[in-house]
Amino acid sequence: MTILHWIGESIRSQLLHVPLLTARCLFVGLLLVLMGWVVMLPSSQTTPQGRKFEWYEDLKIWAWVALMFQIIVYCSF
Amino acid sequence: MTHLTSIDYLVILAYLATTMAIGFWVGSYVRSGSDFFLAGRSLPWWAVGMSLVATDIGGTDLVGVGGDAFRYGMVMGNFEWIGCVPAMLVAAFIFIPHLWRCKVTTIPEYLERRFSVHVRVAVGGVWLVLMACNLGVMLLASAQFMHELANWDLSVSIIGVALLVGIYTWSGGLGAVVYTDVLQGVIMIGGCLMIVVIGIAKLGGIESFIDKVHVAVHARENKTETKPATELRNDENYVEQAYAENHPFTDHLSLVLPVDTKSPGPWPAILFGLALVVSPGYWIGNQCIIQRSLGSKTEYDARASYVYGALLKGIIPFLVVIPGLIALVMFPNLSVDKAGGALPLLVGEILPEGLRGIFVAAFLAALMSSVDSYLNAATTIYVNDFYRRFYRPHADEGQMLLIGRWTTIGFVLWGVYFAYQMIPMGHTVYSLFQTLMSFVVGPTLGVLLAGILSTRTTSKGAFPGFISGLMTSTSLFVLNSEYAQRLLGMGPLFRIDAPYLYYSIWAFLVTVSITAIVSYFGRPDSPEKERYSLWGYKPEEAIE
């Protein structure tokens with residue numbers, strides 16, 4: 001066994017201890033963190049600058065919808 | 001094999017004629033190199049967003065993912081969901097606007113401004129070679145699928161597709177690529193949706209379909225469990241026990257699979273390799289993808305295109321993965337070794353004449369939308385990062401347009417030549433080149449993140465960082481090969497069949513580490529270089 005095998009096997013044995021439910025929570029957690037980040041983005045980064053805009057032009061809403069859909073998917077499958 | 005009638009061919013011809021018309025219409029507005037390479041920075045978000053998605057789903061992906069879904073199940077959806085959406089949204093609000101503001105045409109050009117010409121040449125050179133070869137590989141792989149699907153001659157498919165794509169890309173450059181992608185995206189989504197709706201209806205609806213997948217998988221694995229999956233999902237004891245055993249329901253209906261799964265998607269590879277390395281590298285560092293956003297008419301359009309693309313990505317797995325699962329139920333005796341033929345079989349089985357033509361048009365649309373993007377991106381890197389940079393630094397816009405069009409012709413010829421050279425390799429060539437592409441994504445992401453997110457990283461750190469990352473992924477690939485294992489008398493480094501996501505993780509980590517260490521101990525770059533990082537950029541000193 002080489003040093004590379006030893007490193008790989010050590011990481012693998014640690015990961016084997018992680019229950020699949022926890023792994024799924026990590027997937028959903030990543031998406032939730034992104035949702036929180038999107039909500040906190042300043043509107044200057046999510047709306048057109050230098051002109052009036054409609055509510056549906058705020059990208060925050062659509063980014064949030066895209067992430068919400070992902071969360072539903074990863075909770076379902 | 002699917003039998004196509006004259007109605008099917010009429011549908012296909014109508015699609016091809018419309019594509020060419022759009023290409024020539026856009027081409028009539030092209031007057032300069034800037035128009036050719038960045039569509040004169042005039043592209044609206046909706047066109048760029050659809051183009052991003054259409055480019056990402058190639059014809060070979062369409063059939064290949066269907067086959068992989070037949071073999072491995074829903075896990076392949078990860079490549080479109082968590083393997084795209086988070087990275088696209090982070091790119092939309094951080095990286096794309098910054099690159100757009102830097103007014104660059106290519107990623108290697110940005111890397112020279114931020115670091116040095118060495119980094120530009122290294123990154124540009126590697127991507128150029130890969131993209132040029134990938135052109136031929138995509139042409140060949142798609143011709144092979146068309147041969148299986150409709151018995152089309154290999155040469156007719158290779159030369160026909162290369163000619164059609166070459167003509168409209170030659171005429172309209174990036175603008176033609178993006179606007180034809182819009183049509184191609186709509187046809188691709190429509191064609192796949194048709195198969196999903198008809199297929200699920202034939203299987204008796206969604207719940208019946210899920211149950212039949214469950215039964216088909218268990219029958220294939222010689223298990224006796226045939227209780228409907230929908231009942232099992234509502235059985236709390238079963239769910240608890242299944243999770244405790246790290247084996248919920250059937251793997252075919254789960255996105256999160258155990259570490260030792262046979263599929264290419266164990267959860268650590270998907271989360272750490274795909275979601276955190278390969279996907280950001282692809283959506284931020286792949287010239288083929290990012291070029292259309294750099295051609296957006298405003299910074300808002302550049303951001304919105306990625307958000308729109310992320311929304312569309314939400315539905316794509318249902319369109320490319322579900323057909324594979326429908327095929328699993330309909331052809332339970334089809335060997336997993338022949339999973340690549342699942343989709344052509346399904347098309348022949350469930351679609352009536354006329355609709356088969358729409359699906360073939362959808363396949364061609366997926367294929368052409370990827371080939372045209374790689375053709376245009378390879379041309380842009382060659383002309384901007386090599387021809388103009390080293391040979392004609394003072395070339396005017398007219399000369400750039402002319403050389404851009406000649407280079408497009410050159411790459412079309414190269415693609416056809418390379419496709420013919422690869423014919424003896426058969427079906428393995430596509431997966432081999434996808435693995436090679438994954439070698440580059442991690443190191444590219446490493447130097448890009450180092451350059452954009454830090455003012456302290458230097459050109460003296462980025463160059464060895466990128467080279468080390470490339471060497472890492474290449475070495476892991478070689479050491480994991482059967483030949484090296486026999487030669488060195490050792491076992492495989494990775495336990496899964498296709499560990500390319502793991503190569504990317506290690507290559508990325510090595511790139512970032514070497515870049516950081518060398519930069520820390522070396523002298524800082526000039527303040528001019530730091531202006532190109534996110535924190536060094538000042539709106540009042542807009543970059544021209």
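Residues numbered from 1 in each chain as written. Chains lettered and ligands numbered in written order. Predicted model: local features only at pLDDT ≥ 70, side-chain atom pairs only at ≥ 80, totals over all residues. Heavy atoms only, no water.

(A) Representation of the overall build of chain A in the model. Helix and strand counts for chain A stand at 3 helices and 0 strands. Going residue by residue from the N terminus, the α and β elements of chain A occur as α-α-α. Its C-alpha radius of gyration of 20 Å places chain A more than 25% over the 11 Å reference for a compact globule of 77 residues. Each principal axis of the C-alpha atoms in chain A carries an extent, and together these give about 65 × 30 × 15 Å. Considering chain A as a whole, with its 77 residues, one finds that 34% of them fall into the buried category. Excluding contacts between residues fewer than 6 apart, the proportion of contacts in chain A whose partners are at least 24 apart in sequence is 56%. If you sum the accessible surface of chain A, you get close to 4,600 Å²; carbon and sulfur atoms cover 73% of it. (Helix = DSSP H or I, 4+ residues; strand = E, 2+ residues; numbered from the N terminus. Rg over C-alpha atoms; globule rule 2.2 N^0.38 Å. Buried < 20%, exposed > 50% of the residue type's maximum accessible area, 1.4 Å probe, protein only. Contact = heavy atoms within 4.5 Å. Areas by Shrake-Rupley, 256 points an atom, 1.4 Å probe, with all protein chains shown as cover.)

(B) Structural detail: the overall build of chain B. Along its length, chain B carries 24 helices and 0 strands. In terms of C-alpha radius of gyration, chain B reaches 23 Å, essentially the compact-globule figure of 24 Å for 544 residues. Over its C-alpha atoms, taken along the principal directions, chain B stretches across nearly 70 × 55 × 50 Å. Across the 544 residues that make up chain B, the buried fraction comes to 63%.

(C) Looking closely at the pattern of salt bridges. Counted according to the given criterion, the structure contains 12 salt bridges over all chains. The closest approach of N and O atoms between Arg12(A) and Glu9(A), which form a salt bridge, is 2.6 Å. In this pair, Arg12(A) and Glu9(A) both sit in helix α1 (residues 3-16), 3 residues apart, roughly one turn of the helix. Residue Glu9(A) is classed as partly exposed on the basis of its relative accessible area, which comes to 26%. The shortest N-O distance in the salt bridge between Glu109(B) and Arg113(B) comes to 2.9 Å. Taken together, the residues span about one helical turn, with Glu109(B) and Arg113(B) both in helix α6 (residues 107-114) at a distance of 4 residues. Accessibility expressed as a relative area gives 13% for Glu109(B), which makes it buried. A relative accessible area of 21% places Arg113(B) in the partly exposed class. Linked by salt bridges that have partners in common, Glu112(B), Arg120(B), Asp385(B) and Arg389(B) make up one network. (Salt bridge = Lys/Arg side-chain N within 4 Å of Asp/Glu carboxyl O.)

(D) Spatial organisation of a nonpolar patch on the surface. A cluster of nonpolar side chains, contributed by Met1(A), Ile3(A), Leu4(A), Trp6(A), Ile7(A), Ile11(A), Trp506(B) and Leu509(B), occupies part of the molecular surface with about 820 Å² of accessible area. Residue contributions to the nonpolar patch peak at 5 residues, all from α1(A). Positionally, Trp6(A) belongs in helix α1. With a relative accessible area of 53%, Trp6(A) lands in the exposed category. (Patch = residues over 30% accessible without salt bridge, like charges linked within 9 Å, V, L, I, M, F, W, Y side chains within 5 Å.)

(E) Representation of the packing of aromatic side chains. Residue and element names in this part refer to chain B. Here the structure, examined in full by the defined rule, presents 22 aromatic pairs over all chains. Here Trp 267 and Phe 272 contribute two aromatic rings whose centre-to-centre distance is 6.1 Å and whose plane-to-plane angle is 55 degrees, an arrangement assigned as tilted. Given the relative accessible area of 2%, Trp 267 is considered buried. Taken together, the ring pairs in this structure connect Trp 25, Tyr 29, Trp 46 and Tyr 179 into an aromatic cluster. If you follow Arg 41 out to its NZ or CZ, it ends over the ring of Trp 100, 6.0 Å from the centre. A cation sits over an aromatic face here: Lys 103 above Trp 100, 4.2 Å from the ring centre. (Phe/Tyr/Trp six-rings, centres within 6.5 Å; stacked < 30°, edge-to-face > 60°. Lys NZ or Arg CZ within 6 Å of the ring centre and 35° of its normal.)

(F) Just the interface of chain A and chain B, in detail. Chain A puts 40 residues into the contact, and the matching count from chain B is 43 residues. At the boundary of chain A with chain B, total buried surface from both sides reaches about 3,700 Å², with 77% on carbon and sulfur atoms. The largest per-residue losses of area from chain A upon contact with chain B belong to Leu20(A), Phe27(A) and Phe77(A), which jointly make up 20% of the total buried on that side. The tally of links between chain A and chain B comes to 0 salt bridges. The interface formed by chain A and chain B contains 5 residue pairs in polar contact (both at pLDDT 80 or more). (Buried area = accessible area lost by both parts, 1.4 Å probe. Polar contact = N/O pair within 3.5 Å; in protein donor to acceptor, adjacent residues only side chain to side chain.)

(G) Expanded view of helix α21 (residues 459-479) of chain B. Residues and elements named next belong to chain B. For α21, spanning 21 residues, the distance from its first C-alpha to its last is 30 Å, which sits close to the expected 30 Å at 1.5 Å a residue. Of all the residues in α21, the buried ones are Ser 459, Gly 461, Ala 462, Gly 465, Phe 466, Gly 469, Leu 470, Thr 472, Ser 473 and Leu 476. Buried residues of α21, viewed axially, fall in a sector of 160 degrees; they line one side. Among the exposed residues of α21, those pointing more than 90 degrees away from its buried face are Lys 460 and Met 471. (Expected span 1.5 Å × (residues − 1). Arc of directions from axis to C-beta.)

(H) Summary view of the environment of Leu163(B). All names here are of chain B. Take Leu 163: it is sitting in helix α8 (residues 154-202). Leu 163 sits in the exposed class, given a relative accessible area of 53%. Along the backbone, Leu 163 and Gly 415 are 252 residues apart, and their C-alpha atoms lie at a distance of 11 Å.

(I) How the structure looks around the packing of helix α2 (residues 20-40) of chain A against helix α5 (residues 85-101) of chain B. Following both chains from N to C, one finds α2(A) and α5(B) inclined at 20 degrees, their axes separated by 11 Å at the closest point. Compared by their axis directions, α2(A) and α5(B) come out roughly parallel. Our pair here, α2(A) against α5(B), has a crossing hand that is left-handed. Here Leu31(A), Leu34(A) and Trp37(A) of α2(A) come into contact with α5(B), specifically with Pro86(B), Leu89(B), Val90(B), Phe93(B) and Ile94(B). Here the contact of α2(A) with α5(B) is built from residues that sort into 8 nonpolar, no polar and no charged. (Axes fitted to C-alpha atoms, helices over the stretch in contact; angles between N-to-C directions. Parallel < 35°, antiparallel > 145°, perpendicular 65-115°, else oblique. Left-handed = near helix turned anticlockwise from the far one by under 90°. Nonpolar A, V, L, I, M, F, W, Y, C, P; charged D, E, K, R; others polar.)

(J) Expanded view of α6(B). Of all 8 residues in α6(B), 7 are buried, a share of seventy percent or more. Of all the residues in α6(B), the buried ones are Ile107(B), Pro108(B), Glu109(B), Tyr110(B), Leu111(B), Glu112(B) and Arg114(B).

(K) Focus on the environment of Ser76(A). The residue Ser76(A) is located in helix α3 (residues 59-76) in this model. Polar contacts involving the side chain of Ser76(A) include one to the main-chain carbonyl oxygen of Ile72(A), which spans 2.6 Å.

(L) Layout of the environment of Glu109(B). All names here are of chain B. Between the C-alpha atom of Glu 109 and that of Tyr 532, which follows or precedes it by 423 residues, the distance is 11 Å. Setting aside chain neighbours within four positions, we find Glu 109 in contact with Lys 103, Val 104, Arg 120 and Asp 385. Side chain to side chain, Glu 109 and Arg 113 meet in a polar contact 2.9 Å long.

(M) Structural view of the side chain of Gln70(A). Along the chain, Gln70(A) falls in helix α3. Residues in contact with Gln70(A), not counting those within four places in the same chain, are Leu31(A), Trp81(B), Ile82(B), Val85(B) and Gly314(B).

(N) Unusual backbone geometry, seen in detail. Residue and element names in this part refer to chain B. The phi torsion at Arg 41 lies on the positive side, around 50 degrees, for a residue other than glycine. By the secondary structure assignment, Arg 41 is in the loop between α2 (33-38) and α3 (45-56). The phi dihedral of Lys 103 falls on the positive side, at around 55 degrees, and the residue is not glycine.

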